[in-house]
Amino acid sequence: DGVSDGALIDSGTASADTFTGAITLGSDAIIASTGTVLMTLSGGVTGAFSLTTSTNSTGGITISGSVNNGGTVTNSGSGSGVVTISSVIGTNVTGVYQNSSSSQLTLSGTSNTFTSGVTINAGIVSAKATASLGAATSPLVFNANNAELLCAGTVTMTSSRSVTFNGSATID
C-alpha cells in the first residue's frame, strides 16, 4: 500500500496490531503507537521519503520487513515503548536517528548495509551486532549528553567506522 500526504499509521487499540503489506512512502510518514500493545509491520518499507517512528505510551513498534526508503529513519516520541527494526536497513536509507530520550531504538538486523550513519540525539540505541550499525564505514555520532549505545551482542568498533562524541556518552 502507498503512503502519501504525511500519513500516520497509529496503533491505539487494546490488542496487538500486525500490518503485513508493503509500505511505499510517497511522502514523509509517521508510524505511531499511542496504545499499550505492540504494533508489527512485516511487509517492508520503500519509497523516496523519510520514516519516523513514535511511541507515545508503553506500546512498542517492530518493523520486521526490510527498510530501504530513500530518506531517513528517525525514532521519536515521549513514551517508553521500544522501537525495534529487526530486518535489513538498506543502502537507500540516508541516516538513522534516535531522537527520543524515553523510547529505546533497537537495531537487531545483523546485515544492515546503509552507509549514512547512526546519530543518537537523545536516549538509547541498542545494537545486536556490529552490522546493526550499518556498513563498516557507517559513522556513529553521539550528539547529546547521556546518549547511549547498548551493545546487546558482539559489537566491534574498527578504524573504518568514525565515532564522534558531541557530549558525554555511554557505550555499554
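Residues numbered from 1 in each chain as written. Predicted model: local features only at pLDDT ≥ 70, side-chain atom pairs only at ≥ 80, totals over all residues. Heavy atoms only, no water.

K.L.:
Looking at this model, I keep getting lost on the overall build of the chain. Mind explaining?
P.N.:
From N to C terminus, the chain includes 0 helices and 19 strands. Scaling as 2.2 N^0.38, a compact globule of 172 residues should have a C-alpha radius of gyration of about 16 Å, and the chain matches this with 15 Å. Along the first, second and third principal axes, the C-alpha set of the chain runs to 40 × 30 × 25 Å. Going through the 172 residues of the chain one by one, you find that 47% of them count as buried. A sequence separation of at least 24 residues applies to 26% of the contacts in the chain between residues at least 6 apart. In the structure as shown, the chain presents an accessible area of about 6900 Å², 51% of it carried by carbon and sulfur atoms. (Helix = DSSP H or I, 4+ residues; strand = E, 2+ residues; numbered from the N terminus. Rg over C-alpha atoms; globule rule 2.2 N^0.38 Å. Buried < 20%, exposed > 50% of the residue type's maximum accessible area, 1.4 Å probe, protein only. Contact = heavy atoms within 4.5 Å. Areas by Shrake-Rupley, 256 points an atom, 1.4 Å probe, with all protein chains shown as cover.)

K.L.:
I would appreciate a short explanation of the nonpolar core in the present structure.
P.N.:
Soluble globular proteins tend to bury their nonpolar side chains together. Core analysis: the largest hydrophobic core is formed by 31 residues, its most contacted members being Ile85, Ile89, Val96, Leu107 and Val118. Setting aside its immediate chain neighbours within four residues, Val118 contacts Val96, Leu107, Val125, Leu133, Ser138, Pro139, Leu140 and Val141. (Core = buried A, V, L, I, M, F, W, Y, C linked by side-chain atoms within 4.5 Å.)

K.L.:
Where do I start with the packing of aromatic side chains in this structure?
P.N.:
Within the structure shown, the criterion is met by 1 aromatic pair. Considering the side-chain rings of Phe142 and Phe165, the 4.9 Å spacing of their centres and the 5° angle between planes classify their relative orientation as stacked. A residue pair is termed long-range when its members are at least 10 positions apart, and Phe142 in strand β16 (residues 140–142) and Phe165 in strand β18 (residues 163–165) qualify at 23 residues. Residue classification places Phe142 among the buried residues on the basis of a relative accessible area of 0%. (Phe/Tyr/Trp six-rings, centres within 6.5 Å; stacked < 30°, edge-to-face > 60°.)

K.L.:
Help me understand a nonpolar patch on the surface in this model?
P.N.:
A cluster of nonpolar side chains, Met157, Val163, Phe165 and Ile171, forms an exposed patch at the surface whose accessible area comes to about 330 Å². Assignment of secondary structure puts Ile171 in strand β19 (residues 169–171). A residue is classified by how much of its surface remains accessible, and Ile171, at 46% relative accessible area, is partly exposed. (Patch = residues over 30% accessible without salt bridge, like charges linked within 9 Å, V, L, I, M, F, W, Y side chains within 5 Å. Salt bridge = Lys/Arg side-chain N within 4 Å of Asp/Glu carboxyl O.)

K.L.:
Before we go on, may I ask you to explain the side chain of Ser103 in this structure?
P.N.:
Mapped onto the elements of the fold, Ser103 is located in the loop between β12 (96–98) and β13 (105–107). Owing to a relative accessible area of 1%, Ser103 belongs among the buried residues under this scheme. Here the side chain of Ser103 touches Thr55 through a polar contact of 3.0 Å, side chain to side chain. Reaching out from Ser103, the side chain makes a polar contact with the backbone oxygen of Gly81 at a distance of 2.5 Å. Sequence-distant contacts of Ser103, defined by excluding residues within four places in its chain, comprise Thr55, Asn75, Gly79, Gly81, Val82, Val83 and Gln98. (Polar contact = N/O pair within 3.5 Å; in protein donor to acceptor, adjacent residues only side chain to side chain.)

K.L.:
Mind showing me how you'd approach unusual backbone geometry here?
P.N.:
Glycine aside, residues mostly have negative phi angles, and peptide bonds mostly take the trans form. Its identity as a non-glycine residue notwithstanding, Asn146 has a phi of 70°, on the positive side. Looking at the secondary structure, you find Asn146 in the loop between β16 and β17 (147–151). Among the residues examined, Asn146 registers a relative accessible area of 64% and is labelled exposed.

K.L.:
In this structure, what is going on with the sheet that holds β17? I would like to understand it.
P.N.:
Either a parallel or an antiparallel arrangement is found when strands of a sheet pair, and the pairing is made through backbone hydrogen bonds. Strand order in the open sheet formed by 8 strands is β3-β6-β9-β11-β13-β15-β17-β19, with parallel pairing between adjacent strands. Each end of this open sheet is capped by a strand with a single partner; those strands are β3 (17–19) and β19. Neighbour to neighbour, the strand axes of the sheet diverge by 10° on average, direction disregarded. In this sheet, strand β9 (residues 61–63) lies alongside strand β6 (residues 39–41) in parallel orientation, the contact comprising 3 bridges. (Pairing = 2+ DSSP bridges. Axes fitted to C-alpha atoms, helices over the stretch in contact; angles between N-to-C directions.)

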